[in-house]
Amino acid sequence: MTKSIRRPQVCVLGSAEPGSAAYELAGDAGAMLAKLGITVVSGCGSPATRVAAERAIAAGGLVVSIVPPDQMPPADWPATVVIPCGMGDARNLMMALAGDACIVIGGRAGTISEVCLAWLHKRPLLPLTGCGGWSNDLPSNPPDERQNSPILPWSSVAQLEAQLRELGLVQARV
């Protein structure tokens, strides 16, 4: 069996405001992903996705940020790799495809777009539940009837880690 060179990648999608439980869990999720050796993919545009990226970097992880404009963001942008796509909202497809799975936190219209695209392309969805927002209802209201991919809810970082292990995204340490 060939050992994988590529690290697992997980997209962090959604929005939550500073001070909320969802925001705090987004930061904790980013740090946990880094500690597990999982690359975080994030637009870093909402407070929740930005804190996930910041905490992943602080924990020594890699963060890929796919940004809508065609220009590089400021030098303090919380990412180790930045991809300015120049595609505006069409970049949501790139976000949906860039992860082996997608964590969904809260969310607004852009998040719904990304989730539906991830669903169509059979990416597992990991919605945060118990903190309100759109992700809270995703397990009982999937995008459609097709059952394209698993929807694995979480309400704590320990549950999120268990879901990532179930998906086989946590690699054994040597």
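Residues numbered from 1 in each chain as written. Predicted model: local features only at pLDDT ≥ 70, side-chain atom pairs only at ≥ 80, totals over all residues. Heavy atoms only, no water.

> Any details on the pattern of salt bridges? Residues and values, ideally.
Where side chains of opposite charge bring their charged atoms close, a pairing between them can arise. The tally for this structure, following the rule as stated, stands at 6 salt bridges. The residue D28 makes a salt bridge to R55 at a minimum N-O spacing of 3.1 Å. With D28 in helix α1 (residues 21-35) and R55 in helix α2 (residues 47-58), this residue pair connects regions lying 27 residues apart in the sequence. One salt bridge in this structure joins E114 and R91, with 3.0 Å as the shortest N-O distance. Taken together, the residues E114 in helix α4 (residues 109-120) and R91 in helix α3 (residues 91-97) connect sequence positions 23 residues apart. Owing to a relative accessible area of 10%, R91 belongs among the buried residues under this scheme. (Salt bridge = Lys/Arg side-chain N within 4 Å of Asp/Glu carboxyl O. Helix = DSSP H or I, 4+ residues; strand = E, 2+ residues; numbered from the N terminus. Buried < 20%, exposed > 50% of the residue type's maximum accessible area, 1.4 Å probe, protein only.)

> Residues and numbers for the state of the cysteines, please.
Going through the model one piece at a time under the given rule, you end up with 0 disulfides. There is no disulfide at C102, and the cysteine sulfur nearest it, in C11, is 4.4 Å away. Under the relative-accessibility criterion, C102 is labelled buried at 0%. (Disulfide = S-S within 2.5 Å.)

> Break down the nonpolar core for me, with residues and values.
Generally speaking, nonpolar side chains in soluble globular proteins are found buried as a group. Residues L33, I103, I105, L126, W154, L160 and L164 are the most contacted members of the largest nonpolar core, which totals 36 residues. Put simply, the parts of the chain that give this core at least two residues each are β1 (9-15), α1, α2, β3 (63-67), β5 (101-106) and α5 (157-166). With residues up to four places along the chain from it excluded, the contact list for L33 reads V10, V12, I38, V40, I103 and L164. (Core = buried A, V, L, I, M, F, W, Y, C linked by side-chain atoms within 4.5 Å. Contact = heavy atoms within 4.5 Å.)

> Provide a residue-level description of the side chain of N148, including the pertinent values.
Relative to the helices and strands, N148 is located in the loop between β6 (125-127) and α5. Using a relative accessible area of 17% as the deciding quantity, one classes N148 as buried. Of the polar contacts made by the side chain of N148, one reaches the backbone oxygen of W119; its length is 2.9 Å. Apart from residues no more than four positions distant in its own chain, N148 is found in contact with W119, L120 and K122. (Polar contact = N/O pair within 3.5 Å; in protein donor to acceptor, adjacent residues only side chain to side chain.)

> Give me the lowdown on the sheet that holds β3, citing residues and values where you can.
Strand order in the open sheet formed by 6 strands is β4-β3-β2-β1-β5-β6, and the pairing between neighbours is parallel. Every interior strand has two partners, whereas the edge strands, β4 (81-84) and β6, have only one. Sheet twist, expressed as the average angle between the axes of neighbouring strands with direction ignored, equals 20 degrees. Two elements, β1 and β5, share 6 bridges in a ladder whose sense is parallel. Bridging across to β5, G14 finds its partner in I105. (Pairing = 2+ DSSP bridges. Axes fitted to C-alpha atoms, helices over the stretch in contact; angles between N-to-C directions.)

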